[in-house]
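# Secondary and tertiary structure notes
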Amino acid sequence: MKYHHSGLGWAAMAFPVIGLLLAASAPCLAQAKPNTPGAQAEACPADNGGITVPRGFCATVFADNIGHARHLVVAPNGVVYINTWSGRYYGNDQPPAGGFLLALQDPKGEGRADIITRFGDSAADGSHGGTGIALYNGALYAEVNDRIVRYTLPAGALAPTAPPEVIVSGLPLTGDHPMHPFAIDRQGNLFVDLGSATNSCQVENRTLDSPGITPCTELETRAGTWRYDANRTGQHFSPAERFATGIRNGEGFAFDAAGGIYVTQHGRDQLSENWPKLYRPEQGPNLPAEELLRLEQGADYGWPECYFDGIQEKLVLAPEYGGDGGKAVGPCARKRGPIAFFPAHWAPNALALYDGHQFPNAYRGGAFIAFHGSWNRAPYPQEGYNVVFQPLADGKPSGRFVVFADGFAGAVKEPGRAAHRPSGLAVGPDGALYISDDAHGRIWRVTFRGGATVTGIEPAPAPRVDTAAAAANVEPPEGIHPDAGAQAAVTSLPVPPGATQAQVARGERVYHGQKGGGTCEGCHGSNAKGTPLAPDLTRGKWLWGNGSLAAITRTIANGVPNPKEYRSAMPPMGGAQLSHSDLRAVAAYVWALGHQKSVH
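Residues numbered from 1 in each chain as written. Predicted model: local features only at pLDDT ≥ 70, side-chain atom pairs only at ≥ 80, totals over all residues. Heavy atoms only, no water.

Looking only at helices and strands, the chain has 7 helices and 29 strands in total. Across the chain, every contact between residues at least 6 apart in sequence was considered, and the portion connecting residues at least 24 apart equals 62%. Surface summary for the chain: the accessible area is close to 23,200 Å², and the carbon and sulfur share equals 53%. (Helix = DSSP H or I, 4+ residues; strand = E, 2+ residues; numbered from the N terminus. Contact = heavy atoms within 4.5 Å. Areas by Shrake-Rupley, 256 points an atom, 1.4 Å probe, with all protein chains shown as cover.)

Shown next as structure tokens:
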């Protein structure tokens, strides 16, 4: 059983050895020469900017707290351009003032952005920013809302001074994947991802036993790669420009030296939650694999009829389209599979093929992939939140992938509590690797300082575990009661009218997936304080009722197909097959969380 063609064991990656967590970060071995003549190279921090990298490498914080930094590019003069995003994907929080696009410059060559300039549309203009960004023919291209625009970069200027031109408009913004990552090749072909609006094209999105729409009409305008001309203004989205189909959510694009185009694919969710008669609970967190695809015009990569089973190493028929839990293949035999695959639900958000000369030769032509991190492995531990390196040769894997940078999440790997989440990658003209974070807006710059003693590809050391921080982060949703020594903290919660303390206690176990297959903490967080996917349950703010036990029970039972303030629909029962008693129990627990009095 393998995750990957090179033979890395599935179980070995899904359940890492706990003892490795105590390994120390590797020290940087030497100082790199600065790019600016006469400047002094920055010291390599002992903690590598809070992450771990392989022996011989050094990570420094290039910029921090700049907003939800998505994709980035580096100009030939070393200026780093970044697109940031806001809106419901981030709980509608307040973005930094100014434009969503940033230009970062390090004039001293010390590895830090001393000059940060914001430009472009802002929240005050009604914009939400975006993900995609690229440089082509001396101009900067960026996604903003439903458009891709082009800014002229004046000679000698850090940021544009003139308004942008619209290259293509009318890109879909609805559904589960409203972002539009893109890339531009040397000929000016602009390839843009239009992720699916749904998880698996069901009649009722993310709902128990709901069949797939046949044919999946969503494929006409979503779930594929579209191609436009980067040299033309005034283009409008339509089905006619579709380049490849069957790609659920392809966020990371890159070109190889021969012009071949690659894209990462986010695999579908909720196999075991939506189809419990076909999949065991432990299969949900480990199926399907994430994918690295080589794109070809007209190719069909399988979604929604098929998903890639990383254990069997093949495309199999999805349950929405007659699949039987992974045995049947059917039309999937005619679909295009990945060239490499990775653990389930790690969420590959960015791709960079290394074409620099600073890193050892073993890295040339290989793929760096930024994994944003999972939310839907509950009740099992969330995974990802790292950057991996996949060796490639002639467009195929030439060795097993390794975790190149780790420790981004900090003490807790959860969407709402992770310190940082990798989202963008770019290689600078000097060969340095830049990594962006869309949780708290940090940018890392990774350089190689190992000299001739380091020639091969090595994994990053496992992050140190800060036991104090970890303990602080596992505080239960109900808080720490002053009488916790005399009674369990859950007994300090209020009990809703018509319920019992035993129901509240049972509901706590359902919430955390310890009973009934509950999946609540995947979206709402283990502390119930919310994530970008779902609201804080401890504030007493009720979006779908009056906060009564009956209203909460109805909301959980019926689901939330069209969320008001958050990006993800909630299927009935949260996608689980809760019994009536488990439903009443978890509703009582949620009521108790929202009606508790502060004990801090």
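A complete count under the given rule lists 3 disulfides for this structure. Each disulfide pairs two cysteine sulfurs, and for C201 the partner residue is C216, the sulfurs being separated by 2.1 Å. As the torsion about the S-S bond is roughly 100°, the C201-C216 disulfide counts as right-handed. Pair noted here: C201 is in the loop between β11 (189-194) and β12 (224-229) and C216 is in the loop between β11 and β12, with a separation of 15 residues, a long-range link. Both residues of the pair, C201 and C216, belong to the buried class. In this model, C306 is linked to C332 through a disulfide, with the two sulfur atoms separated by 2.1 Å. (Disulfide = S-S within 2.5 Å. Buried < 20%, exposed > 50% of the residue type's maximum accessible area, 1.4 Å probe, protein only.)

Another aspect to go through is the sheet that holds strand β26 (residues 402-405). With antiparallel pairing, the 4 strands of this open sheet are ordered in space as β21-β22-β23-β26. For this open sheet the edge positions go to β21 (348-353) and β26, each flanked by a neighbour on one side alone. The mean angle between the axes of side-by-side strands here comes to 30°, regardless of whether they run parallel or antiparallel. (Pairing = 2+ DSSP bridges. Axes fitted to C-alpha atoms, helices over the stretch in contact; angles between N-to-C directions.)

On to helix α6 (residues 549-558), then. Three or more residues of α6 are buried, namely L549, A551, I552, T553, T555 and I556. A positive backbone phi angle near 80° is found at G559, which sits one or two residues after α6.

Here the focus is the pattern of salt bridges. The full count for this structure, using the stated rule, is 22 salt bridges. Here R70 ties to D438 by a salt bridge, and the two come within 2.9 Å at their closest N and O atoms. Of this pair, R70 sits in strand β2 (residues 68-74) while D438 sits in the loop between β28 (433-437) and β29 (443-448), and the two are 368 residues apart along the sequence. By the burial criterion, R70 is buried, and D438 matches it. (Salt bridge = Lys/Arg side-chain N within 4 Å of Asp/Glu carboxyl O.)

The next point concerns the pairing of strand β22 (residues 367-371). With respect to burial, β22 is a largely interior element, 5 of its 5 residues being buried. In terms of strand pairing, β21 meets β22 through 5 bridges, oriented antiparallel. Each bridged residue has a counterpart across the sheet, and for A352 the counterpart in β22 is F368. The sheet contact formed by β22 and strand β23 (residues 386-390) spans 5 bridges and is antiparallel. When the sheet's bridge partners are listed, I369 is paired in β23 with V388.

Bringing the sheet that holds β28 into the picture now. Strand order in the open sheet formed by 4 strands is β1-β29-β28-β27, and the pairing between neighbours is antiparallel. The sheet is open, and its two edges are formed by β1 (57-63) and β27 (422-427), each paired on a single side. Sheet twist, expressed as the mean angle between neighbouring strand axes with direction ignored, is 25°. Across 6 bridges, β1 lies against β29 in antiparallel orientation. Pairing of F57 across the sheet is with F448, part of β29.

With that settled, the discussion passes to the nonpolar core. Of all hydrophobic cores here, the largest spans 25 residues; its most connected members are F359, F368, F404, L425, L433, I435 and V446. Only β1, β21, β22, β23, β26, β27, β28 and β29 provide two or more residues apiece to this core. Counting residues in each nonpolar core, the second largest holds 21 residues, with L537, A576, L578 and V586 among its members. (Core = buried A, V, L, I, M, F, W, Y, C linked by side-chain atoms within 4.5 Å.)

Now for helix α7 (residues 580-595). Over its 16 residues, α7 runs 23 Å from end to end, which matches the ideal 22 Å to within 8%, given 1.5 Å per residue. Taken across its 16 residues, α7 has 12 buried, putting it largely inside the fold. Turning to α7, its buried residues number three or more, namely D582, L583, A585, V586, A587, A588, Y589, V590, W591, A592, L593 and G594. Those residues of α7 that are buried are in contact with α4 (501-511), α5 (520-524) and α6. (Expected span 1.5 Å × (residues − 1).)

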